[in-house]
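Reading the structure
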Amino acid sequence: MVLKSVFILVALGAVGGAIGMLASSNPVHSALFLVWTLFCVAAIYLLLGAEFLAVVQIIVYAGAIMVLFLFIIMLLNLRRDEFGPDPMPSHWGWSLIFTALLAVVLVSVAGVSVALKFPEDPLTLTSISDLARLIFTKHLLAFEIASLILLIAMVGVVVLAKRPKGGA
Amino acid sequence: MEGGIPLNWVLALSAILFSLGALGVLIKRNIIVMFMSIELMLNAANIALVAFSRAHGNLDGQIIVFFTMTLAAAEVAIGLAIIVALFRIKRTIDVDRVTLLKW
């Protein structure tokens, strides 16, 4: 019962943060709402026993990625007219209808898949050593490729963000 | 055990967050907020992966989420660099004013 109530609270927090992100017209407020949602997602990982992922979620997502977003928003230092009209008036209704349909389909699929159930014991945490053993044995190739992708991303960012030669 | 969280609830939360992310991509014209909505959709998928990983008692799902986070970090860095380059050329981040490739 306690777990269920905590889950409902955290889920409402996550959905509320997502709605706040969409509703606010200032991108800085949107980013802060998204940080809140990501914290709630980390709490849900914890409720599902994935404590390593919860920590990584807070460090990488709420920490590094969202700080990058806020940094870029403040670096560009946009004026009001550079945001654009918000939200877009012309296909607003259609977007809402499409999203409502998508939500109905996805939620009903989630409601149907009842054959699977969580294991009985609540809150057994994943051991990090099991996770590490899998990463460095079964998924070693994927791990190496991930490191290569990070390297390529690093080089790519430098190339993309560099001012062209002779430019201002 | 009555105390556990039903799998359906977690999947429903994942579905709702994904839909909200899709709505954000559709109704927002600010490219940075659209990008944030994409991050929200990635997170929704991650929640479903962790839930199924627990339901199957198999850690592979959590490892996919781990790699997804790695890729998301790379993706955000590249995407924001593209946005900065775009802003340098166009002086705007309104996607309706970036229509060079639109016929």
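Anything mentioned here points back to the structure above.
For clarity, every value in this text was computed on a predicted model and none was experimentally measured.

Cut-offs and rules
Residues numbered from 1 in each chain as written. Chains lettered and ligands numbered in written order. Predicted model: local features only at pLDDT ≥ 70, side-chain atom pairs only at ≥ 80, totals over all residues. Helix = DSSP H or I, 4+ residues; strand = E, 2+ residues; numbered from the N terminus. Buried ≥ 20, exposed ≤ 12 C-beta atoms within 10 Å, placed from the backbone. Contact = placed C-beta atoms within 7 Å. Axes fitted to C-alpha atoms, helices over the stretch in contact; angles between N-to-C directions. Parallel < 35°, antiparallel > 145°, perpendicular 65-115°, else oblique. Nonpolar A, V, L, I, M, F, W, Y, C, P; charged D, E, K, R; others polar. Expected span 1.5 Å × (residues − 1). Core = buried A, V, L, I, M, F, W, Y, C linked by C-beta atoms within 7 Å.

**Here we look at the overall build of chain A**
- Helix and strand counts for chain A stand at seven helices and zero strands.
- Starting at the N terminus and ending at the C terminus, chain A contains elements arranged as α-α-α-α-α-α-α.
- Sorting the 168 residues of chain A into buried and exposed places 23% on the buried side.
- Across chain A, the fraction of contacts at a sequence separation of at least 24, relative to all contacts at a separation of at least 6, is 55%.

**Here's the deal with the packing of helix α3 (residues 51–76) of chain A against helix α3 (residues 60–90) of chain B**
- With their axes 11 Å apart at the nearest point, α3(A) and α3(B) run at an angle of 5° to one another. By the angle class used here, α3(A) and α3(B) are roughly parallel. Across from A:L53, A:V56, A:V60, A:Y61, A:A64, A:I65, A:L68, A:I72 and A:L76 in α3(A), the residues of α3(B) making contact are B:Q62, B:V65, B:F66, B:M69, B:A72, B:A73, B:V76, B:A77, B:L80, B:I83, B:V84 and B:F87.
- For the contact of α3(A) with α3(B), the residue count by class is 20 nonpolar, one polar and no charged.

**Here we look at α3(B)**
Residues and elements named next belong to chain B.
- Taking 1.5 Å per residue, 31 residues should reach 45 Å; α3 reaches 44 Å between its end C-alpha atoms and fits that length.
- Among all positions in α3, only G61, Q62, I63, V65, F66, M69, T70, V76, A77, G79, L80 and I83 are buried.
- A positive phi of about 55° marks R91, the residue just after α3.

**With respect to the interface of chain A and chain B**
- Contacts between the two partners involve 77 residues from chain A, matched on the other side by 64 residues from chain B.
- Those elements giving two or more residues to the side of chain A that touches chain B turn out to be α1 (2–23), α2 (27–47), α3, α4 (80–83), α5 (92–112), α6 (128–136) and α7 (140–161) of chain A.
- Residues belonging to the side of chain A that touches chain B are distributed by class as follows: 60 nonpolar, eleven polar and six charged.

**Brief notes about the nonpolar core**
- Formed by 64 residues in total, the largest nonpolar core has its most connected members in A:Y45, B:L17, B:I32, B:M36, B:I47 and B:V50.
- Sequence-distant contacts of B:V50, that is, excluding residues within four places in its chain, are made with A:Y45, A:L48, A:A50, A:L53, B:G61, B:Q62 and B:V65.

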